[in-house]
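Below, each chain spelled out in residue letters.
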Amino acid sequence: MRKSKLTLKIERDLKAHSPLRLSKFLPEHYLRGQGKEVSKLTYLNHNMPYLRKYLQDTFSVTAKNRREDLFNDMQNLWYESDCFDAMIVAVYWLNFQNVDFLQKNSKKILLWANNIDNWAHSD
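Here's what I pulled together on the structure shown here.

A few words now on the overall build of the protein chain. A tally of helices and strands in the protein chain yields seven helices and zero strands. Going from N to C terminus, the protein chain has its helices and strands arranged as α-α-α-α-α-α-α. Burial status across the protein chain gives 41% buried among its 123 residues. Long-range pairs, those at least 24 residues apart, make up 78% of the contacts in the protein chain between residues at least 6 apart in sequence. Surface accessibility of the protein chain: about 7800 Å² in total, with carbon and sulfur atoms responsible for 53%.

Right, here's the structure in full:
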C-alpha cells in the first residue's frame, strides 16, 4: 500500500525520536488474546504524553483550531500506518474533536475498529 505524505512524515518523525526501550517492552503484552496472536505493528515505545505533545506541536490542536479537513489525513494515517505510535496520533486527534463532528462521522470512525489488533488501541 502506498502511504500518504502525512503518514510518511509522522512515521519518520516518530522513528527519529524513538526512545527504543524495547528490551523492557514486548508487543505481545498488548494483544487481545494470549494464544499465538502476534501484532503486525511496529512499536517505537513512545510514552503517551510524548505522543499527545507531538500531536499538539505538529497540528496546533486547540479548541479554536480543530480542522475537519484533517479527518481524511487522520483516516489515512490510521489505515496506512503499520506503526502503533503513529496510529495513536490519529486516535488522539479524534479526542480533540467536538461531539457534533464525532457524531457526524461516527460510521467512518467506528470502521477504525477493524484495524485494532491490541488492547492499547481499543482503549
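The structure having been displayed, the exposition proceeds.
On to the side chain of Gln75, then. Here Gln75 is to be found in helix 3 (residues 70–80). Apart from residues no more than four positions distant in its own chain, Gln75 is found in contact with Lys108 and Trp112.

All right, on to the packing of helix 1 (residues 5–16) against helix 3 then. For the pair helix 1 and helix 3, interaxial distance at closest approach is 9 Å and the crossing angle is 65°. Helix 1 and helix 3 meet at a crossing whose hand is right-handed. In this structure, helix 1 contributes Leu6, Thr7 and Ile10 to the contact, and helix 3 contributes Asp73, Met74, Asn76, Leu77 and Glu80. Partitioned by chemical class, the residues of the contact of helix 1 with helix 3 number four nonpolar, two polar and two charged.

With the rule as written, the count across this model stands at four salt bridges. Lys3 serves as the salt-bridge partner of Asp82, at 3.3 Å between the closest nitrogen and oxygen. You can see Asp82 sitting in the loop between helix 3 and helix 4 (84–95) and its partner Lys3 sitting in the segment before helix 1, a full 79 residues away along the chain. Residue class for Asp82 comes out partly exposed when judged on its relative accessible area of 35%. Lys9 serves as the salt-bridge partner of Asp13, at 2.6 Å between the closest nitrogen and oxygen. Of this pair, Asp13 and Lys9 both sit in helix 1, four residues apart, roughly one helical turn. The exposure class of Lys9 is partly exposed, given its relative accessible area of 32%. Taken together, the shared-partner salt bridges connect Lys3, Glu11 and Asp82 into one network.

Calculation criteria
- Residues numbered from 1 in each chain as written.
- Predicted model: local features only at pLDDT ≥ 70, side-chain atom pairs only at ≥ 80, totals over all residues.
- Heavy atoms only, no water.
- Helix = DSSP H or I, 4+ residues; strand = E, 2+ residues; numbered from the N terminus.
- Buried < 20%, exposed > 50% of the residue type's maximum accessible area, 1.4 Å probe, protein only.
- Contact = heavy atoms within 4.5 Å.
- Areas by Shrake-Rupley, 256 points an atom, 1.4 Å probe, with all protein chains shown as cover.
- Axes fitted to C-alpha atoms, helices over the stretch in contact; angles between N-to-C directions.
- Left-handed = near helix turned anticlockwise from the far one by under 90°.
- Nonpolar A, V, L, I, M, F, W, Y, C, P; charged D, E, K, R; others polar.
- Salt bridge = Lys/Arg side-chain N within 4 Å of Asp/Glu carboxyl O.

Interpretation note: all reported values are geometric properties and have no functional meaning in isolation.
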